[in-house]
Amino acid sequence: MKLMKVTEPEAVIEIIVKNFSSLDYEEVKLESAGSRFLAEMITAPEDVPGFDRSTVDGYAVAARDTFGASESIPALLENVGEVLMGQIAPPIKFGQCCLVHTGGMLPEGADSVLMVEDVDVSGNTVQAFRQVAPGENVIHRGEDIKKGDPVFKKGHKLRAPEVGLLASLGITSIKVYRKPCIGFFSSGDELIDYHSKEVGPGQIRDSNAPALMHLASQFGADIIYGGILPDRFEDFLGKSKKMLEDTDLLVFSGGSSVGSRDFTAKTMQELGSPGLLVEGISIQPGKPTLLANCGGKPVLGLPGHPVSALNIFAIFGKVIIDQLSGRAKADYMPTVKAVLTRNVASKTGRTDYVRVKLDNGTDVPRAVPIFGRSGMLRTLAEADGLLIIPSASEGLNAGEPVEVFIWD
Ligand code: AMP
Ligand code: MG
């Protein structure tokens, strides 16, 4: 039997980054730009806010007219009216003030706002019981963003705050990288459609298809499900050739070992050059994983074991999708610090991904390892996240502080 050459997980990520880059871009409307990645740098076309605004409800004044005012010696000001929201206010002169609401425009002649709590009003006379400093309770034109300022870099993810900020700048159409489309096949003679009511002897439902399709959409990709491939090379090659033409990334689940009835590797070699890049990863669960570059497109061969398939797709599938989506490199991975409740053994030379359940503990969260064979999907469904035991480590001891990668 041919020996499998295994690659370290970090090296696999480097291979992905080196081989594949962002897809082309498209112009989309702001309403549908959420969760996408910018394919252009955004500079501010105008100031935000576009005018000096009050940050409180109160009276717009010239600060110098309040200098020296106190509870015992209030400053007397003449109220000349009200700033209507969304309208230009009439200017104020020496000794005058004007009622202004939060977000209202400061009238010419005013440089600050006295809060309603600090005044007494009778008729047109406003008594100010304290002095304000110039600029107090005002957000100045361009204070949030100045015209010409760089706002976002290429590859920046458009979340809700970014979408709102672009709207405030009047930017309603933006260039984003195209969303990757994945062609997906399950494989194995034992598999039947997951919609099937009846399961024959020795058959199992294809549970990887819907689970992986959900992960793919969580990672921002579209997916085309090609169905179940029987363990026959002709079926693998024939169907995947066409699928690869129509999609940006091809994913197979099952048949990824280098055995006589496993055709993913052979198919990858036929689909385009340079072909196979990775024949196995020193990772648990998920060692028999294949990765190829077929004519510039990534092809990923996942192990059929449901836990392995999801683990590998969550790690490497995500990196491929991020790469194709044009995502700028993330600065950090969100983790939860916790204390391990039990010893976990690990072999050196292999990176272990241990499923853990988190509970709040008394003062710090506790990470409770969930043990079970890699085929048991329930163990993954019970886990809140994964704990990584690096390749050089022989395991972790109960009571050790750990960082858990959350899977939500
Ligand atoms: P393979 O990687 O093809 O050797 O499959 C490994 C194990 O995972 C076998 O027990 C398969 O029956 C199982 N398996 C493969 N594909 C799927 C799938 N799509 N859904 C559920 N189990 C699968
Ligand atoms: Mg199989």
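Fair warning: this is a prediction, and the values are worked out from it, not measured in the lab. (Residues numbered from 1 in each chain as written. Chains lettered and ligands numbered in written order. Predicted model: local features only at pLDDT ≥ 70, side-chain atom pairs only at ≥ 80, totals over all residues. Heavy atoms only, no water.)

Draft legend 1. Summary view of the sheet that holds strand β4 (residues 58-61). The strand order across the open sheet built from 6 strands is β7-β4-β6-β5-β9-β8, with neighbouring strands paired in mixed fashion. Both outer strands of the open sheet, β7 (112-115) and β8 (119-122), are each paired with one neighbouring strand and no more. Pairwise comparison of adjacent strand axes, ignoring direction, gives a mean angle of 35 degrees for this sheet. (Pairing = 2+ DSSP bridges. Helix = DSSP H or I, 4+ residues; strand = E, 2+ residues; numbered from the N terminus. Axes fitted to C-alpha atoms, helices over the stretch in contact; angles between N-to-C directions.)

Draft legend 2. Examining the site of ligand 1 more closely. The full set close to ligand 1 counts 16 residues, and Glu-190, Asp-206, Gly-255, Gly-304 and His-305 are the nearest of them. Glu-190 places a polar side-chain atom, nitrogen or oxygen, 2.5 Å from an oxygen atom of ligand 1. If ligand 1 stood free it would expose 480 Å²; the protein chains cover 76% of that surface. Going through the elements one at a time, β13 (181-187) and β15 (204-205) are the ones with two or more residues in the shell around ligand 1. Grouping the constituent residues of the shell around ligand 1 by class yields 4 nonpolar, 9 polar and 3 charged. (Near = heavy atom within 4 Å. Polar contact = N/O pair within 3.5 Å; in protein donor to acceptor, adjacent residues only side chain to side chain. Areas by Shrake-Rupley, 256 points an atom, 1.4 Å probe, with all protein chains shown as cover. Nonpolar A, V, L, I, M, F, W, Y, C, P; charged D, E, K, R; others polar.)

Draft legend 3. Representation of unusual backbone geometry in the model. A cis amide bond, omega 5 degrees, links Ser-273 with the succeeding residue Pro-274. Relative to the assigned elements, Pro-274 resides in strand β18 (residues 274-278). A cis amide bond links Gln-284 to the next residue, Pro-285, at an omega of -5 degrees. Among the structural elements, Pro-285 can be located in the loop between β19 (283-284) and β20 (290-294). Although it is not a glycine, Ser-35 adopts a positive phi angle of roughly 70 degrees. Mapped onto the secondary structure, Ser-35 falls in the loop between β1 (25-29) and β2 (42-43). A positive phi angle, near 60 degrees, is found at Asn-137, a position not held by glycine. Along the chain, the position of Asn-137 falls in the loop between β9 (125-128) and β10 (138-139). The exposure class assigned to Asn-137 is buried, which follows from its relative accessible area of 18%. (Buried < 20%, exposed > 50% of the residue type's maximum accessible area, 1.4 Å probe, protein only.)

Draft legend 4. Main features of the environment of Ala-167. You can see Ala-167 is positioned in helix α2 (residues 160-168). In this structure, the C-alpha to C-alpha distance between Ala-167 and Glu-270, residues 103 residues apart in sequence, is 48 Å.

Draft legend 5. How the structure looks around the nonpolar core. Ile-16, Ile-182, Val-251, Leu-302, Phe-313 and Phe-316 are the most contacted members of the largest nonpolar core, which has 36 residues in total. Breaking this core down by element, the ones donating at least two residues are α1 (9-19), β13, α3 (208-218), β17 (249-253), β21 (297-302) and α6 (306-325). Looking at this core, the element that brings in the most residues is α6, giving 12 residues. Shared between two domains, this core takes at least three residues from each, and those domains are domain 1 (9-23 + 178-325) and domain 4 (335-406). Ignoring sequence-local partners within four residues, the contact set of Phe-316 consists of Pro-9, Val-12, Ile-13, Ile-16, Ile-281 and Ile-283. Residues Phe-236, Leu-237, Leu-271 and Cys-294 belong to the second largest nonpolar core, which totals 17 residues. (Core = buried A, V, L, I, M, F, W, Y, C linked by side-chain atoms within 4.5 Å. Domains from an automatic or database assignment. Contact = heavy atoms within 4.5 Å.)

Draft legend 6. The arrangement of the pattern of salt bridges in detail. For the coordinates displayed, the defined rule picks out 16 salt bridges. Its salt-bridge partner being Asp-322, residue Lys-318 comes within 2.9 Å of it at the nearest N-O pair. With Lys-318 and Asp-322 both in helix α6 and 4 residues apart, this pair spans about one turn of that helix. What emerges from the salt-bridge pattern is a single network uniting Asp-24, Arg-178 and Asp-248. (Salt bridge = Lys/Arg side-chain N within 4 Å of Asp/Glu carboxyl O.)

Draft legend 7. Region of the structure containing the packing of aromatic side chains. Under the definition given, this model contains 6 aromatic pairs. For the ring pair Phe-233 and Phe-263, a centre distance of 6.3 Å and an interplane angle of 50 degrees mean the geometry is tilted. Here Phe-233, found in helix α4 (residues 233-246), pairs with Phe-263, found in the loop between β17 and α5 (264-271); they are 30 residues apart in sequence, far enough to count as distant. There is no split in this pair, since Phe-233 and Phe-263 are both buried. Three or more aromatic residues joined by ring pairs make a cluster, and in this case those are Phe-185, Phe-233, Phe-236, Phe-252 and Phe-263. (Phe/Tyr/Trp six-rings, centres within 6.5 Å; stacked < 30°, edge-to-face > 60°.)

Draft legend 8. Highlighting the state of the cysteines. Taken as a whole and assessed by the stated rule, the structure comprises 0 disulfides. Just so you know, Cys-97 is unpaired, no disulfide at all, and the nearest cysteine sulfur is the one on Cys-98, 7.4 Å from it. Looking at Cys-97, the relative accessible area reads 0%, which means it is buried. Cys-294 forms no disulfide, and the closest cysteine sulfur to it belongs to Cys-181, at a distance of 16 Å. Since its relative accessible area comes to 2%, Cys-294 is described here as buried. (Disulfide = S-S within 2.5 Å.)

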